[in-house]
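So you can see what is in the structure, the chains are spelled out below.
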Amino acid sequence: MATDIKDTAHAVEAAAVMRLLPARPRLLALGEPTHGEDTLLDLRNELFRQLVEQEGYRTIAIESDCMTGLVVDDYVTSGTGSLDEVMEHGFSHGWGVSAANRELVRWMRSYNDGRPASELLRFAGYDGPLEITGAASPRQALTALHGYLAARVDADLLPCTAETLDRLLGTDDRWSDPAAMMDPAHSVGRSVETGELRLLADDLVALLDEQMPHLLATTSREDWDRACLYGRTATGLLRYHYWMADTSPARMTRLVGVRDQMMARNILALAARGPALVHGHNSHLQRRKSTMRMGGKPLEWWGAGALVNAQLREEYAFVATALGTIRHQGVDAPPPDTVEGLLYALPEDRCVVDAPRLVTALGDTLPAHRVSPWFGYAPLDPAHLADSDGIVFVKDVPQS
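Residues numbered from 1 in each chain as written. Predicted model: local features only at pLDDT ≥ 70, side-chain atom pairs only at ≥ 80, totals over all residues. Heavy atoms only, no water.

Q: So what's going on with the overall build of the chain? Residues and values would help.
A: Within the chain one finds 17 helices and 12 strands. In terms of overall dimensions, the chain is globule-like: its C-alpha atoms have a radius of gyration of 22 Å, near the 21 Å expected for 400 residues. In the chain, which comprises 400 residues, the proportion classed as buried is 54%. (Helix = DSSP H or I, 4+ residues; strand = E, 2+ residues; numbered from the N terminus. Rg over C-alpha atoms; globule rule 2.2 N^0.38 Å. Buried < 20%, exposed > 50% of the residue type's maximum accessible area, 1.4 Å probe, protein only.)

In structure tokens, the structure reads:
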């Protein structure tokens with residue numbers, strides 16, 4: 001069996017990944033089993049460089065705030081701002097301190113310098129303006145959408161004025177109160193004002209659609225796409241806040257579901273741009289249902305990858321990343337009877353594995369499920385290996 005498994009492993013290169021797939025996918029999703037490790041992000045960067053140079057990919061999307069991601073995109077496409085400013089203001093979840101993320105942005109800017117618009121590399125965040133501790137105010141997205149429409153359509157068609165939005169939004173700290181994540185009573189998501197804002201946001205997005213021919217004739221496609229992003233973000237955030245105020249047992253399931261739906265809608269919008277590399281946690285990008293335990297209770301929901309795959313089918317490809325050790329987090333060598341243990345026995349420090357061929361090589365022998373001693377790392381589920389097109393395996397992850 002070990003020989004068969006060895007035959008499924010290849011060097012981690014874009015060409016090797018592409019050979020696993022029937023055709024070049026519109027979206028190639030590369031998952032990771034843990035966050036914040038520059039070793040995995042360096043590998044992502046190298047793969048993206050190869051996809052750009054060999055396969056014509058032009059966009060990379062990462063699991064970061066879609067609104068702040070616009071700051072990064074402006075920098076890599078036109079040099080707006082400084083690299084330091086972009087790293088500070090263009091990422092959520094603390095990703096801006098990563099040396100690998102900084103190198104990605106620096107390389108993209110350097111690559112784009114002097115190139116025509118049609119050849120520019122693009123950067124996107126596909127997560128909502130959501131942190132573990134809570135959700136942002138919808139102010140930025142709502143006011144940007146209103147401003148775009150107010151400058152281009154008859155004022156009589158607008159459902160409200162900017163002043164009305166400002167009054168209903170109130171102060172931003174009402175929305176971002178961290179206590180609301182655990183206590184629905186602290187959320188403003190079911191206030192009368194929020195109810196009005198949800199209706200207005202819906203009307204603004206509808207007006208955007210109704211006026212599409214006029215707007216595309218009088219503005220750039222780029223501005224239109226951003227207005228659509230503002231609309232998706234505003235309605236998604238307001239829905240998220242609504243469920244933050246929920247007191248039913250479905251509350252957390254709805255919150256994780258709304259978040260991944262926001263991710264999926266952002267990823268699908270990027271697909272229209274041409275081939276893109278999408279990077280994030282395996283649990284968001286996999287084709288099967290996502291599961292986790294929160295507060296001792298199991299949660300199950302359809303993640304972004306499952307939602308995107310349902311629409312794009314063969315134009316969506318998913319490659320999971322697995323790893324052997326993260327010793328600085330207490331994750332030591334995997335037991336030999338797990339998937340990770342079988343791959344750890346291979347001589348390569350890193351390889352890309354043909355997942356369907358690996359399943360065939362394993363035959364009827366299902367490997368054991370590795371148990372992680374650290375909550376921040378999620379091992380592969382051996383029962384779902386065939387759901388991915390490939391597996392990138394990294395033997396050892398040193399401290400960043």
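Q: Please set out the state of the cysteines residue by residue, giving values where relevant.
A: Linking two cysteines covalently through their sulfur atoms gives a disulfide. Under the defined criterion, the tally for this structure stands at zero disulfides. Residue Cys160 stays outside any disulfide, its sulfur separated by 18 Å from that of Cys228, the closest cysteine. (Disulfide = S-S within 2.5 Å.)

Q: Report on the sheet that holds strand 4 (residues 122–127), specifying residues and quantitative values.
A: Read across the sheet, eight strands follow the order 1-11-12-10-2-7-3-4 without closing on themselves; strand pairing throughout is mixed. The open sheet has two edge strands, strand 1 (9–10) and strand 4, and neither has a second partner. In the sheet, strand 1 pairs with strand 11 (residues 350–354) via two bridges, with the strands oriented antiparallel. From the neighbouring strand, His10 faces strand 11, where its bridge partner is Val352. Strands in contact with helix 4 (residues 69–78) are strand 3 (59–65) and strand 4; relative to strand 4, the strand with the most contacts, it is inclined by about 175°. Helix-sheet contacts for helix 17 (residues 355–362) involve strand 11 and strand 12 (390–396), and the interaxial angle to strand 11 is about 75°. (Pairing = 2+ DSSP bridges. Contact = heavy atoms within 4.5 Å. Axes fitted to C-alpha atoms, helices over the stretch in contact; angles between N-to-C directions.)

Q: Break down the packing of helix 13 (residues 251–271) against helix 15 (residues 304–312) for me, citing the residues and quoting the values.
A: Packing of helix 13 against helix 15 leaves a shortest axis separation of 8 Å and a crossing angle of 40°. Relative to helix 15, the element helix 13 is oriented oblique. Two packed elements cross with a definite hand, and for helix 13 against helix 15 that hand is right-handed. Contacts from Asp260, Gln261, Met263, Ala264, Ile267, Leu268 and Ala271 in helix 13 reach Ala304, Leu307, Val308, Gln311 and Leu312 in helix 15. Counted by class, the contact of helix 13 with helix 15 contains nine nonpolar, two polar and one charged residues. (Parallel < 35°, antiparallel > 145°, perpendicular 65-115°, else oblique. Left-handed = near helix turned anticlockwise from the far one by under 90°. Nonpolar A, V, L, I, M, F, W, Y, C, P; charged D, E, K, R; others polar.)

Q: Quick rundown of helix 8 (residues 162–169)? Include the residues and the values.
A: Considered for burial, the residues of helix 8 that qualify are Leu165, Leu168 and Leu169. Down the axis of helix 8, the smallest arc covering the buried residues is 100°, so these residues share one side. Turned more than 90 degrees off the buried face of helix 8, the exposed positions are Glu163 and Arg167. Downstream of helix 8 by a residue or two, Gly170 has a phi angle that is positive, lying close to 65°. (Arc of directions from axis to C-beta.)

Q: Give a description of the side chain of Thr235 that names residues and reports values.
A: Checked against the element boundaries, Thr235 lands in helix 12 (residues 221–244). Among the polar contacts made by the side chain of Thr235, one reaches the main-chain carbonyl oxygen of Arg232 at a distance of 3.3 Å. (Polar contact = N/O pair within 3.5 Å; in protein donor to acceptor, adjacent residues only side chain to side chain.)

Q: Account for the pattern of salt bridges, naming residues and giving values.
A: All chains considered together, the criterion is met by 21 salt bridges. Arg122 is the partner of Asp73 in a salt bridge, and the nearest nitrogen-oxygen pair spans 2.6 Å. Here Asp73, found in helix 4, pairs with Arg122, found in strand 4; they are 49 residues apart in sequence, far enough to count as distant. For the pair formed by Asp73 and Arg122, the shared burial category is buried. By sharing partners, the salt bridges in this structure join Asp73, Asp74, Arg122, Glu222 and Arg226 into a single network. (Salt bridge = Lys/Arg side-chain N within 4 Å of Asp/Glu carboxyl O.)

Q: I'd like to hear about the pairing of strand 11, residue by residue, with values.
A: Residues in a regular strand point their side chains to alternate faces of the sheet. With four of five residues buried, strand 11 is to be regarded as a mostly interior element. Alignment of strand 11 against strand 12, held across five bridges, turns out to be antiparallel. Bridging from a neighbouring strand, Val352 pairs with Val392 of strand 12.

Q: Could you give an account of the packing of aromatic side chains, with specific residues and numbers?
A: By the definition in use, this model includes five aromatic pairs. Summarising the aromatic geometry, the rings of Tyr242 and Trp243 are spaced 5.5 Å apart at their centres and angled 85° between planes, so their arrangement reads as edge-to-face. Here Trp243 falls in the buried class, since its relative accessible area comes to 17%. Through a chain of ring-to-ring contacts, three or more aromatic side chains come together here, namely Phe48, Trp107 and Tyr111. Cation over ring: Arg190 sits above Tyr242, and NZ or CZ is 3.7 Å from the ring centre. Above the ring of Tyr344, the side-chain terminus of Lys395 is found at 5.4 Å from the ring centroid. (Phe/Tyr/Trp six-rings, centres within 6.5 Å; stacked < 30°, edge-to-face > 60°. Lys NZ or Arg CZ within 6 Å of the ring centre and 35° of its normal.)

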